[in-house]
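So you can see what is in the structure, the chains are spelled out below.
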Amino acid sequence: MRPEKKAIIEEMRGHMTDADYLFLTDFTGMTVEQFEGLRGQLRGQQARMAVVKNSFIKVVAGENGWSDLNGVLTGSTALVTGTGDVVAVAKMLSNFAKEHGTSAVKAGVMGDTPISQEEVKELAGLPSREVLYGKLVGTLAAPMSQVVGVMHQKLSSVVYVLKAVEEKKSA
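These lines cover the structure that appears in this document, whether it is placed above or below. All values derive from a computational prediction rather than experimental measurement.

Conventions used here
Residues numbered from 1 in each chain as written. Predicted model: local features only at pLDDT ≥ 70, side-chain atom pairs only at ≥ 80, totals over all residues. Heavy atoms only, no water. Axes fitted to C-alpha atoms, helices over the stretch in contact; angles between N-to-C directions. Helix = DSSP H or I, 4+ residues; strand = E, 2+ residues; numbered from the N terminus. Parallel < 35°, antiparallel > 145°, perpendicular 65-115°, else oblique. Left-handed = near helix turned anticlockwise from the far one by under 90°. Contact = heavy atoms within 4.5 Å. Pairing = 2+ DSSP bridges. Core = buried A, V, L, I, M, F, W, Y, C linked by side-chain atoms within 4.5 Å. Buried < 20%, exposed > 50% of the residue type's maximum accessible area, 1.4 Å probe, protein only. Phe/Tyr/Trp six-rings, centres within 6.5 Å; stacked < 30°, edge-to-face > 60°. Lys NZ or Arg CZ within 6 Å of the ring centre and 35° of its normal.

The subject of this paragraph is the packing of helix 1 (residues 3-18) against helix 3 (residues 54-64). Taken N-terminus to C-terminus, the directions of helix 1 and helix 3 make an angle of 50°; their axes are 9 Å apart at the nearest point. What the angle tells us is that helix 1 and helix 3 run oblique. Like other packed secondary-structure pairs, helix 1 and helix 3 cross with a definite hand, here right-handed. Within the contact between the two elements, helix 1 uses Lys5, Ile8, Ile9, Met12, Arg13, Met16 and Thr17 and helix 3 uses Phe56, Ile57, Val59, Val60, Glu63 and Asn64.

Take a look at the structure:
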């Protein structure tokens with residue numbers, strides 16, 4: 001293998017193994033302006049998009065045990081890697097595909113686990129991180145507020161009893 005190819009594979013290996021997630025997308029039918037626009041949006045989510053030869057991706061995928069990806073490595077493939085919010089990036093790619101009539105994500109990897117196109121669609125359908133945090137806080141706060149309500153009712157009952165005793169003694 002030529003040194004240039006080895007250098008490209010080594011750079012890809014670094015991007016693919018350092019990333020928290022990666023997506024393989026088909027960029028067929030995209031204009032240069034659309035591609036660059038999507039790249040700019042992805043940068044805002046701590047992700048990067050690059051066009052890479054399928055054979056190079058196969059080499060790195062094989063080294064990492066992601067042979068499941070080999071079935072989708074056909075045609076024009078762009079590699080999206082990142083360390084930010086994976087749900088936001090999946091939504092961004094899905095929405096971009098719907099808006100521009102391009103094909104969506106072919107497959108991906110989260111951590112060390114390959115995920116299918118259907119799983120990526122499910123991931124894109126999840127609520128945002130902020131919404132999930134809000135639900136978690138609500139779930140954690142509900143029992144505490146119920147305990148406070150019960151304690152308040154018990155204290156009110158004691159106050160009512162003492163008030164009744166006071167009224168009885170004064171009468």
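Picking up where we left off.
Attention shifts here to the sheet that holds strand 4 (residues 105-110). Read from one edge to the other, the open sheet built from 5 strands follows the order 2-3-1-4-5, with strand pairing classed as antiparallel. Each of the sheet's edge strands pairs with one partner strand only, and the pair in question is strand 2 (47-51) and strand 5 (113-115). Averaged over all neighbouring strand pairs, the angle between strand axes comes to 20°, with direction disregarded. Bridge count between strand 1 (residues 21-26) and strand 3 (residues 77-82): 6 bridges; the pairing is antiparallel. Bridge pairing in strand 3 places Tyr21 opposite Gly82. Each of strand 1, strand 2 and strand 3 is contacted by helix 1, which is oriented at about 50° to strand 3, the strand it contacts most.

In this structure, Phe23, Leu38, Leu42, Met49, Val80, Val89 and Leu93 are the most contacted members of the largest nonpolar core, which totals 22 residues. Of all elements in the fold, only strand 1, helix 2 (32-43), strand 2, strand 3, helix 4 (86-100) and helix 5 (117-124) reach the threshold of two or more residues within this core. Take this core: its biggest share by element is 7 residues, from helix 4. If sequence neighbours within four positions are ignored, Leu93 has contacts with Phe23, Thr25, Leu38, Leu42, Val80 and Val105. Counting residues in hydrophobic clusters, the runner-up holds 17 residues, among them Met12, Phe56, Ile57 and Leu73.

Turning to the environment of Thr81, a few remarks are in order. With respect to the helices and strands, the residue Thr81 is situated in strand 3. As a C-alpha pair, Thr81 and Asn95 span 14 residues in sequence and 18 Å in three-dimensional space. The contact partners of Thr81, leaving out residues within four places of it in the chain, are His15, Met16, Ala19, Tyr21, Leu22, Gln46, Ala47 and Arg48.

Okay, the pairing of strand 4 next. Walk down a regular strand and you will see the side chains alternate between the two sheet faces. Counted residue by residue, strand 4 has 5 buried out of 6 residues, so it is predominantly covered. Where strand 1 and strand 4 come together, 5 bridges link them in antiparallel fashion. Counted as the bridge partner of Leu22 is Val109 from strand 4. Alignment of strand 4 against strand 5, held across 3 bridges, turns out to be antiparallel. The partner of Gly108 across the bridge, within strand 5, is Ile115. The antiparallel hairpin formed by strand 4 and strand 5 contains 2 residues in its connecting segment, where Gly111 sits at a positive phi of about 65°.

Any pair of aromatic rings gets described here by the distance separating the centres and the angle formed by the planes. Applying the stated criterion across every chain, the model contains 2 aromatic pairs. Ring centres of Phe27 and Phe35 lie 5.8 Å apart, and the angle between their planes is 65°; on these two criteria the pair is classed as edge-to-face. Lying across the ring of Phe56, Lys53 places its NZ or CZ 5.5 Å from the centre.

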